[in-house]
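Now for the letters of each chain:
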Amino acid sequence: MVNRCGLLTVSNMPVPLMGIEAEVEVKDHVATAACTLRYENEEDKAIEAVFVFPLPADAAVCHFSAKMGRTEVVAEVKEKTQAREEYDDALSSGQRAFLLEESEQSPDIFSLSVGSLPPGESASIRLEYVVELAVEADGGLRFCLPAVLNPRYRPPGSEVAGVQVTSVPASLVPYSLSFSARVSSPRRVSKVDSDCSLEPLQYLNEEQTQALVKLSAGHKFDRDVELLIYYEDAHRPTAVVEAGKASAEPGTLMGDAVVMLSLYPEFPPEVTSSLATSGEFVFLLDRSGSMDCPLGGLNQSETRISSARDTLLLLLKSLPLGCYFNIYSFGSSFEHVFPKSREYTETTVEAALKKVEEMQANLGGTEILGPLKHIYGRPRVPGHPRRVFVFTDGEVTNTKEVTSLVKKHSASHRCFSFGIGQGASTALVDGLAKEGGGHAQFVAGADRMQTKVMQSLQFALQPAAEDVSLSWDLPEGTAVALLSPPLANIFHGQRAIVYAQLTGQSPAQPAARVTVKYILAGRPLQSELGFSVQPAEDRGLTVHRLGAQSLIRDLERKETAKDGEVKKKVVEVSIQSGVSSSFTAFVAIDKGGGGGAVRGPLLRRPIPIASLHCPTGVPVKGMKTKMKKGGKGLFMNALATAKMPIFGCSSVRPTVRNAEKPLPAKEEERGGEAGTRRSSFQSTAVKTAVGPPPDPVLQLVSLQKASGHWEQNPPLAAALHRTAERLERAKPAEVSGNVWATVLALVWLHGFKSGARVEWKLLAGKAVSWLLSRNVSNMTECVSAANTLLGCNVQKDVLGL
C-alpha cells in the first residue's frame, strides 16, 4: 500500500515536487532565469517524477543540473534518442537519472523526468535559460515566467503520440513558487509593473540603475508571472560584443566573439505619416470553447471573446476607405462573413459588425489550419497587399504544421498575431508572426487588447520595407558570420535583433560599423550603427547562447523529414553551445548513487500544473511515446485517453459556412440626415441591464461611419453625456449636423481620452480627412463651441484642422 503523506493532488496522489524558486537577472534587454525545483520522495518506494511545463518559445535553455545531498551532477546535451536510452539504462540499473527535453512540435513545452528517487531522499533540480525581453506597445520590456499550461487541442484524426499533461485548477496546485528579479541597466529603472502581487520595488544604488523586485508570498498559479520593466531612454541602437569561451577552439561558435545588435530603424516622417489607403485585411478570430475564459486581471467579467469582439469593432472603424476586408472565425469548423473580401463601405462594415456582435466562443476545438488554407486559397485583390490578423489563445498541438503553412505563403501576405489570455502558446503566436513577416503581441491580465492591436494595425499600414540587407565595415582581418536569419521585415521604431559571429584576430583599431539598407516606398534608405569589436565587460556566455538559439531555431524552420544534414547541424550546434533543441536533450546520471537494479516498475508520479479551464490530462504533441526496459513507458501514449477533442466538442472535420446575408444590390449613402439607427455594439450596450458599463471610447467609436464622420443624433448625445437638445442649441449657425457631430467627437477624444490615443488615432485621422473635404468656413467657431459644450480646451491645430 502506498503511504500517501506530504503533498497530494486533487485525485489523492502524492506529489514529490515541494516548491519552485525562480531567480532572474535582467541586464538591459536580456534576462537570465535560474529555476530550482525541490523534490522529495515521502513514499515508501522509489519513484519517477515527470513534470511537463511551459517556457518561452524563444528561451535558450543552457543549464540543467541535479543536487542530492553533497552530490551534484551536471547534465550534458546529447542527441535526443541517445539521451533517452542513457536515461532508461540508468534507471534499469538503479541509478538516479534526470532528463530534460523539449517538445519536437512546440518549443514552448518541456518535460522534466526525475528518475529512481529512493524513499526518503530529496533532490534539487536547477535549470537556467536566457531570453530577450519583448518590447511592448508602451515601450516597456516584458519578461514572462510561464506558470500556466492550458490543454493543447488535438485535431481529430491527427496521428499524435503525446506526453500526458496532468492539469489541475490553478487554486489546487500543491507546490509553492517564490520569485525574485534583479534588474540592472546603464539607464535609470523608472518602474516595474506586474499583474501579479509584488513587494515594493527596492533600488540598490543611488542612481537607481539597479533594482530588486520580489513576488509576494502565496502566488495562486492563476496567471503567468509577468514583469513590465521601464527604463529611461531605453530604446536606442546598441551593440554588445561578448568574448568567446577561453577553453573553446578559435573558429568555433563558442570560441569566437559574438555580437548582438539591437537596431531601431527610423523611417522618414513623410513616410510614416502617409499610411496606406489600400490593402486587403483578413481577420481570423478564435471561437473555440477556451475563448470564453476570463481575460484575467482585475476585471474577471471580461472574457477573451468579448475583448476580441470589441477589438474587431475598433479595427473595422479604423480601416481606410478603399481597402478590402473579410472576417473569419474558427473552432472545430470555421465561418466567414463574406465569400470573398469585400470593398470597405458603410453597408459592408455594418453587415460585418452585426456578425461580429453575434460571435460567441461556441465552435468547439482550435482547428486553425482549415481557415488558413481557405484564406490562402482565395485569389488576392489586385493592387491590395494582403494582411492577415490572427486572434487566438494559442492552445493547439500542431504548431509546426500551422507555422509551416504560413511560411509557405509568406510571399503573398503579412501575418500579425495576438496571443490572448494566460498560457497562450508563445511558439504558435510568435511563429505566425515570424514566418508571416508581421508582428506578435500578447494580451493577458490587465493588458488592454485594443492598444496592442492598434499598434500592429499601424505597422500593417506602413509601407513594407523591401530588399532589406546588412552591410558590415569591419577592421582588417575580421570577418562576420550571421547567426540570425536575414532581416526580412523591419518596422518604424521597433527593435530588430541580429546575432553574428566575429572571426579573426583582435585588431589594433577595433572600430566597426554595420549598415541596414532597404527600399521604402520606392526610396533607398539606410540606418547605421558604429561599435567596437573589442569585447566589453564579462557577460558570461549570454550573447553566445542567444546567438546559438537563434541559429538553431532558424535551422529547425528549414528542416524537413528528408533533410538529415540540417538535423545533423542542429545537433552539432546544440551540443557545442549547450543550448537545447528539438533534436537534443539534457541528461544527467548519478553514477555513484543508487542501490542496484530496480525490481518492477517505478512508481510514476506526474507533477500537476495549473490549467485555467481543464483539470484532466491532455496530450502534448512532440513528446514521443516510448517504453522503458522492464516497466511501463515513461511517456504514455495519450491517444488512448484522448479520443475526443477537449471542451466537449464532437470530432467533426473542418467545415466552412458562409455567414453572409445578401447585401442590397445598390448601397445607400447615409449622408447628412440625423438618423436614429445605432451600431449593433451600441444596441447591445443599451439592452444590457446588468454587468459593467460600456467602454466610453468604444461606445463613441461604434457610432462613427465608414467615411469617418459622426451623425448628430441621440446616441451620440448619450455617448457624450449630453442631451440631444443641448447639442442642437450649441451648434453654430450654418454648420451641418454631421460636421458638428464629428468636431464634437474629435474634441471629446482629445480632451478626455488622450491617454488612449493609440487606440483612436487612425479613426480620428479619417474624421479629420472627412472634415477637411467639407471646406468648412467657420471651423474655428465650431471647435470653440465644442470646447464650451464639453468643458474642454482643445486647440484647432491639435485636432489636425
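Data block above holds the structure.
Residues numbered from 1 in each chain as written. Predicted model: local features only at pLDDT ≥ 70, side-chain atom pairs only at ≥ 80, totals over all residues. Heavy atoms only, no water.

J.: Sorry if this is basic, but what is going on with the side chain of Asn778 here?
T.: With respect to the secondary-structure elements, Asn778 resides in the loop between α16 (757-774) and α17 (779-790). A relative accessible area of 16% places Asn778 in the buried class. Here Ala733 takes part through its backbone oxygen, which lies 3.4 Å from a polar atom of the side chain of Asn778. In this structure Asn778 touches Pro732, Ala733 and Val735, once residues within four positions along its chain are discounted. (Helix = DSSP H or I, 4+ residues; strand = E, 2+ residues; numbered from the N terminus. Buried < 20%, exposed > 50% of the residue type's maximum accessible area, 1.4 Å probe, protein only. Polar contact = N/O pair within 3.5 Å; in protein donor to acceptor, adjacent residues only side chain to side chain. Contact = heavy atoms within 4.5 Å.)

J.: In this structure, what is going on with the pairing of strand β27 (residues 440-443)? I would like to understand it.
T.: Consecutive side chains along a regular strand alternate between the two faces of the sheet. For strand β26 (residues 413-420) and β27, the ladder comprises 4 bridges, and the chain directions are parallel. Pairing of Gly419 across the sheet is with Phe442, part of β27. (Pairing = 2+ DSSP bridges.)

J.: So what exactly am I meant to see when it comes to the environment of Ser777 here?
T.: If you trace the backbone, Ser777 turns up in the loop between α16 and α17. Counting along the chain gives 43 residues from Ser777 to Glu734, while the straight-line C-alpha distance between them is 9.5 Å.

J.: Whenever I open this one, the packing of helix α15 (residues 737-752) against α16 confuses me. Can you help?
T.: Their axes nearest at 10 Å, the elements α15 and α16 cross at an angle of 150 degrees. It follows from the interaxial angle that α15 and α16 lie roughly antiparallel. Remark: the crossing between α15 and α16 carries left-handed chirality. Of the residues in α16, those in contact with Asn738, Val739, Thr742, Val743, Leu746, Leu749 and His750 of α15 are Arg757, Trp760, Leu763, Ala764, Ala767, Val768, Trp770, Leu771 and Arg774. Residues belonging to the contact of α15 with α16 are distributed by class as follows: 11 nonpolar, 3 polar and 2 charged. (Axes fitted to C-alpha atoms, helices over the stretch in contact; angles between N-to-C directions. Parallel < 35°, antiparallel > 145°, perpendicular 65-115°, else oblique. Left-handed = near helix turned anticlockwise from the far one by under 90°. Nonpolar A, V, L, I, M, F, W, Y, C, P; charged D, E, K, R; others polar.)

J.: Is there a simple way to think about the side chain of Gln549 in this case?
T.: Position of Gln549 among the secondary structure elements: in helix α9 (residues 542-558). Apart from residues lying up to four places away in sequence, Gln549 is in contact with Ala57, Asp58, Ala59, Ala60 and Val579.

J.: Before we go on, may I ask you to explain the pairing of strand β7 (residues 96-102) in this structure?
T.: For β7, the tally of buried residues reaches 7 of 7 residues, placing the bulk of the element in the interior. In the sheet, β7 pairs with strand β33 (residues 584-590) via 6 bridges, with the strands oriented antiparallel. Note on β33: the bridge partner recorded for Leu99 is Val587. Of the pairings in the sheet, the one linking β7 to strand β8 (residues 109-117) comprises 6 bridges and is antiparallel in character. If you follow Phe98 over to β8, its bridge partner there is Val114. Between the antiparallel neighbours β7 and β8 lie 6 residues.

J.: I'm lost on the pattern of salt bridges in this one. Help?
T.: Any two side chains of opposite charge can pair, given that their charged atoms come close. On inspection of all chains with the given rule, the structure shows 21 salt bridges. As a salt-bridge pair, Lys80 and Glu104 come within 3.9 Å of each other at their nearest N and O atoms. With Lys80 in helix α1 (residues 80-92) and Glu104 in the loop between β7 and β8, the pair connects residues that are 24 residues apart, well separated along the chain. A salt bridge links Glu572 to Lys569; the nearest nitrogen and oxygen atoms lie 4.0 Å apart. Of this pair, Glu572 and Lys569 both sit in helix α10 (residues 564-577), 3 residues apart, which is roughly one turn of that helix. Residue classification places Lys569 among the partly exposed positions, given a relative accessible area of 37%. It is possible to trace a salt-bridge network through shared partners that takes in Arg96, Glu121 and Asp590. (Salt bridge = Lys/Arg side-chain N within 4 Å of Asp/Glu carboxyl O.)

J.: Whenever I open this one, the sheet that holds strand β34 (residues 603-607) confuses me. Can you help?
T.: Each strand in a sheet pairs with its neighbour through backbone hydrogen bonds, running either in the same direction (parallel) or in the opposite one (antiparallel). Pairing within the open sheet is mixed, and its 6 strands lie in the order β6-β33-β7-β8-β3-β34. The open sheet has two free edges, formed respectively by β6 (76-79) and β34, since each of these has just one partner strand. For this sheet the average axis-to-axis angle between neighbouring strands, irrespective of direction, equals 20 degrees. In the packing of α1 onto the sheet, contacts are made with β3 (47-54), β6, β7, β8 and β33, and the angle to β7 comes to roughly 155 degrees. Strands in contact with α10 are β6 and β33; relative to β6, the strand with the most contacts, it is inclined by about 170 degrees.

J.: Is there a simple way to explain α10 in this structure?
T.: Given 3.6 residues per helical turn, the α-helix brings residues three or four places apart onto the same face. Taking 1.5 Å as the rise per residue, α10 with 14 residues should run 20 Å; its terminal C-alpha atoms sit 20 Å apart, in good agreement. Buried within α10 are the following residues: Val566, Val570, Val571, Val573, Ser574 and Ser577. The arc that holds the buried residues of α10, viewed along the axis, is 165 degrees, so those residues lie on one side. In α10, the exposed positions that point more than 90 degrees away from the buried face belong to Glu565 and Lys568. Among the structural elements, β6, α9 and β33 are those in contact with the buried residues of α10. Where α10 ends, the next residue or the one after it, Gly578, has phi of about 75 degrees, a positive value. (Expected span 1.5 Å × (residues − 1). Arc of directions from axis to C-beta.)

J.: Just to check I follow, could you spell out the packing of aromatic side chains for this structure?
T.: Any pair of aromatic rings gets described here by the distance separating the centres and the angle formed by the planes. Under the definition given, this model contains 17 aromatic pairs. When the ring of Trp472 is compared with that of Phe531, the centres are 6.4 Å apart and the planes differ by 85 degrees; the resulting orientation is edge-to-face. Residue Trp472 is located in strand β28 (residues 466-473), and its partner Phe531 is located in strand β32 (residues 523-532); the two are separated by 59 residues in the primary sequence. Among the aromatic residues, those joined into a ring-pair cluster are Phe283, Phe389, Phe391, Phe416, Phe418, Phe459 and Phe491. Positioned over the ring face of Tyr230 is Lys191, at 4.8 Å from the centre of the ring. Over the face of the ring belonging to Phe338 we find Arg342, whose NZ or CZ atom lies 5.5 Å from the ring centre. (Phe/Tyr/Trp six-rings, centres within 6.5 Å; stacked < 30°, edge-to-face > 60°. Lys NZ or Arg CZ within 6 Å of the ring centre and 35° of its normal.)

J.: Whenever I open this one, the sheet that holds strand β20 (residues 257-263) confuses me. Can you help?
T.: If you trace the 4 strands from one edge of the open sheet to the other, you get β19-β20-β30-β29, paired in antiparallel fashion. The open sheet has two edge strands with one neighbour each: β19 (238-242) and β29 (478-482). Shown here is a sheet whose adjacent strand axes are inclined to one another by a mean of 25 degrees, direction ignored. Here β19 pairs with β20 via 5 bridges, running antiparallel. Across the sheet, residue Thr238 finds its bridge partner in β20, namely Ser262. Sitting on the sheet, α9 touches β19, β20 and β30 (496-504), and the angle it makes with β20 is about 75 degrees.

J.: Would you mind going over the environment of Leu405 with me for this structure?
T.: Within the secondary structure, Leu405 sits in helix α6 (residues 399-408). Taking the C-alpha atoms as reference points, Leu405 and Tyr376, separated by 29 residues in sequence, lie 9.3 Å from one another.

J.: Would you take a moment to explain the nonpolar core for this structure?
T.: In summary, soluble globular proteins display a tendency toward joint burial of nonpolar side chains. In this structure, Phe283 and Phe391 are the most contacted members of the largest nonpolar core, which totals 81 residues. At 10 residues, α15 tops the list of elements feeding residues into this core. Dropping the residues within four chain positions of it, Phe391 is found in contact with Phe283, Leu284, Leu285, Asp286, Thr311, Leu312, Leu315, Phe330, Phe418, Ile420, Met449 and Val453. Ranked by size, the runner-up nonpolar core spans 63 residues in total, among them Cys35, Ala66, Ala234 and Ile609. (Core = buried A, V, L, I, M, F, W, Y, C linked by side-chain atoms within 4.5 Å.)

All quantities given are derived from atomic positions and should not be read as evidence of function.
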